[in-house]
Amino acid sequence: MSYCLHSESHLDTGPIYVRENGKLHVVNRGAGGVQNVTPKARPFSLFSRTFSVELCMNREDDRARRQRTDHFIFTYTKEGNLRYSAKSLFSLVLGYISDNVDHIDSLIGFPEQIAEKLFSAAEARQKFTEPVTGLRALQKFTEAYGSLVLCSLCLRNRYLVISEKLEEIKSFRELTCLDLSCCKLGDEHELLEHLTKEALSSVKRLLLKDNSLSDAGLRRMTAPVRVLKKGLDNLLVLDLSCNPKITDVGIGYLLSFKKLNCLDISGTGLKDVDAVIKRLQMQIGLVHSKVPLKEFDHSNCKTEGWAEQTVLQWEQAVLEAMKPQDNLRSRVTALHFYGKTHRIEEVVKCTLVEPETKASGNLQFYKENVENCHLPLKKEVAGSHELKNNKKRALAEQERERTSKQKHLCLTVEDWDLLNTY
């Protein structure tokens, strides 16, 4: 067996060694013969002279280091020179926590001032628009701060936002105003069932205009109030206009809202309007208004709270998803060609039920003996006999409260079925 070692130079091949009969012989190339000479020790180098070592750092760490420019604040001096200064430790920690806000265990007992800054930082990073982690992060804030996160929510004509962000909307607590007008939710919608939960028992103003509601929906919505004295017991303002499937029977379920100050049932399917007006006036003290009330003009209903921009981000994300794609036009053209029903792409706008509204007229009611109640646009002067009627209604209400326990025993089978669901 023979082997050879090459030196660094390609011109000088060096000596050649041959092993024969257990002995090592060196062959001199110049002499051309074989000498039985023991080779001399010669320094041996593992790497050639042209070998070099390059120190390679972690590529991911290098990119992360380049992205950390937000740790500094860059400004210009009067001379036009660029100057940078490091951010405070609070800003760095706030940014880190907002990037990982979904990993927070709890915020209960955390200062509200710091929590608001943390919410704004996470909102700027659009953490609440993410499908799974956004809901988990939002729940941490709503559990700890309630109405500070959102006290008023306006989803008027935003049924797509309700469809895409239903769980996020259900996570809001201690709302005082909720506008769901023109959303076509129907009686069986999950959000209407959520209205009867304890989390929304603080709602004082509820606008359900043009939502395809019927008597069955009102019965389900008022069942906890009528029997258990829970749910929407603190409701002051209720808008049920433009729901033509609501009849005289459904209005009877609304009599359980003893604290109700303003009610709008214009555009409903009432058969005996005069009887309904007298019934509302005698039992819960609501007087029919001849002019429109300011409470139902939808001008002062806005989204208010820390999550105001978050709701706008949800709406923007839905609008971005609704933009027509390139392959959508060809598909719609094919559906037209084969005579199939094409998918509706345009946003359904809020349309009022004009025939029913004109037939029933303006059916808005308000309570006269409440100082904080929003009065009509033209204030009417009450007569002396109206004051007497108010006293009679007050005495009648006291008598009804005394006999309320007896009325609770007279429940229908449908009411008991509803109670078993709570």
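Residues numbered from 1 in each chain as written. Predicted model: local features only at pLDDT ≥ 70, side-chain atom pairs only at ≥ 80, totals over all residues. Heavy atoms only, no water.

## Thoughts on the environment of Asp187
Our working definition: A run of H or I in DSSP counts as a helix once it spans at least four residues, and a run of E counts as a strand once it spans at least two, with each numbered from the N terminus. It only takes one pair of heavy atoms within 4.5 Å for two residues to be counted as in contact. Polar contact is defined as a pair of N or O atoms within 3.5 Å, subject to the rule that within protein one atom must be able to donate a hydrogen and the other to accept it, and that residues adjacent in sequence are counted only when both atoms are side-chain atoms.
By secondary structure assignment, the location of Asp187 is in the loop between β7 (177-179) and α7 (190-194). With near-sequence residues (within four places) excluded, Asp187 lies in contact with Leu192, Ser212, Leu213, Ser214, Ala216, Gly217 and Arg220. Within the structure, the side chain of Asp187 is placed 2.2 Å from the side chain of Ser214, a separation counted as a polar contact.

## With respect to the confidence of the model for the protein
Low pLDDT marks stretches whose predicted atomic positions should not be read closely. Cut-off, in case you're wondering: Residue-level confidence of the predictor is summarised by pLDDT, bounded by 0 at the bottom and 100 at the top.
Mean pLDDT over the protein: 77, with 64% of residues reaching 70 or higher. This model gives residues 1-10 a pLDDT under 50, and the stretch forms 9 contacts once residues within four places in sequence are excluded. In the model, residues 30-35 has pLDDT below 50 throughout and makes 9 contacts with residues more than four positions away in sequence or in other chains.

## Side note on the pattern of salt bridges
The condition is simple: Should a side-chain nitrogen of Lys or Arg be within 4 Å of a carboxyl oxygen of Asp or Glu, the pair is scored as a salt bridge. Burial here depends on accessible area, computed with a 1.4 Å probe over protein chains only, as a share of the maximum for the residue type. Under 20% is buried, over 50% is exposed, and the range in between is partly exposed.
For the coordinates displayed, the defined rule picks out 8 salt bridges. In this structure, Glu315 engages Arg158 in a salt bridge whose closest nitrogen and oxygen atoms are separated by 3.1 Å. Here Glu315 is found in helix α11 (residues 308-321), whereas its partner Arg158 is found in the loop between β6 (152-154) and α5 (159-164), with 157 residues between them in sequence. Note on Arg158: relative accessible area 24%, which makes it partly exposed. Linking Lys184 and Asp210 is a salt bridge whose minimum nitrogen-to-oxygen distance equals 2.9 Å. Of this pair, Lys184 sits in the loop between β7 and α7 while Asp210 sits in the loop between β8 (205-207) and α8 (215-228), placing them 26 residues apart in sequence. For Lys184, a relative accessible area of 43% translates into the label partly exposed.

## Thoughts on the packing of helix α2 (residues 89-99) against helix α3 (residues 112-124)
Put simply, the test is: To get an axis, a line is fitted to the C-alpha atoms, and for a helix only the part in contact is used. The angle between two axes follows their N-to-C directions and goes from 0 to 180 degrees. Each angle is binned into one of four classes, with values under 35 degrees roughly parallel, values over 145 roughly antiparallel, values of 65 to 115 roughly perpendicular, and all other values oblique. Crossing handedness is read from the near helix: turned anticlockwise from the far helix by less than a right angle, it gives a left-handed crossing, and turned clockwise, a right-handed one. Polar here means any residue other than Ala, Val, Leu, Ile, Met, Phe, Trp, Tyr, Cys and Pro, which are nonpolar, and Asp, Glu, Lys and Arg, which are charged; Gly is therefore polar.
Close contact between α2 and α3 brings their axes to 9 Å; oriented N to C, the two are set at 60 degrees. Judged on the interaxial angle alone, α3 and α2 are oblique. When you trace α2 past α3, the crossing you get is right-handed. Taken together, the residues of α3 that come into contact with α2 (itself represented by Phe90, Leu94, Ile97 and Ser98) are Ile114, Lys117, Leu118, Ala121 and Ala122. For the contact of α2 with α3, a count of residues per class yields 7 nonpolar, 1 polar and 1 charged.

## Quick word on the nonpolar core
Here is the rule we go by: Put simply, a nonpolar core is a bunch of buried Ala, Val, Leu, Ile, Met, Phe, Trp, Tyr and Cys residues held in one set by side-chain atoms that sit within 4.5 Å of each other.
Membership of the largest hydrophobic core comes to 65 residues, with the highest contact counts inside it found for Phe141, Leu206 and Leu280. Ranked by the residues each element gives to this core, the list is headed by α3, at 5 residues. The residues contacting Leu280, other than those within four sequence positions of it, are Ile251, Leu255, Leu263, Ile265, Gly285, Leu286 and Phe365. Within the second largest apolar cluster, 5 residues are counted, among which are Val237, Cys262, Leu293 and Phe296.

## Regarding empty space enclosed by the protein
Applied cut-off: Cavity and pocket criteria rest on a 1 Å grid covering protein atoms alone: a 1.4 Å probe that fits but cannot get out defines a cavity, protein on both sides within 12 Å along at least 5 of 7 lines defines an open pocket, and an atom within 4 Å of a point defines a lining residue. Grid points are joined across faces, edges and corners, and a volume is the space filled by probe spheres set on the points.
In total, this model carries 3 cavities of 30 Å³ or more according to the counting rule given. One number sums up the size of the largest cavity: a volume of about 110 Å³. Residue lining of the largest cavity: 12 residues in total, with Asp187, Leu192, Glu193, Gly217 and Arg220 positioned closest to the centre. Counting residues per element, the ones that place at least two in the lining of the largest cavity are α7 and α8. In terms of residue class, the lining of the largest cavity is made up of 5 nonpolar, 3 polar and 4 charged.

## A look at the sheet that holds strand β10 (residues 262-264)
Put simply, the rule reads: Pairing between strands is defined by DSSP: at least two bridges between them are needed.
The 7 strands are arranged β6-β7-β8-β9-β10-β12-β11 in an open sheet whose pairing can be described as mixed. Each having just a single partner strand, β6 and β11 (287-289) make up the two edges of the open sheet. For this sheet, the mean inter-axis angle between neighbouring strands, taken without regard to orientation, is 10 degrees.

## Things to note about helix α4 (residues 133-145)
Residues spaced three or four apart along an α-helix face the same direction, because each turn holds 3.6 residues. Where we set the bar: Here the expected span of a helix is defined as 1.5 Å times the quantity of residues minus one.
Compared with an ideal rise of 1.5 Å per residue, which puts 13 residues at 18 Å, α4 spans 19 Å between its outermost C-alpha atoms and is within 8% of the ideal. Here the buried face of α4 lies against α3, α6 (166-170) and α11. One or two positions beyond α4, positive phi appears at Gly146, with a value near 55 degrees.

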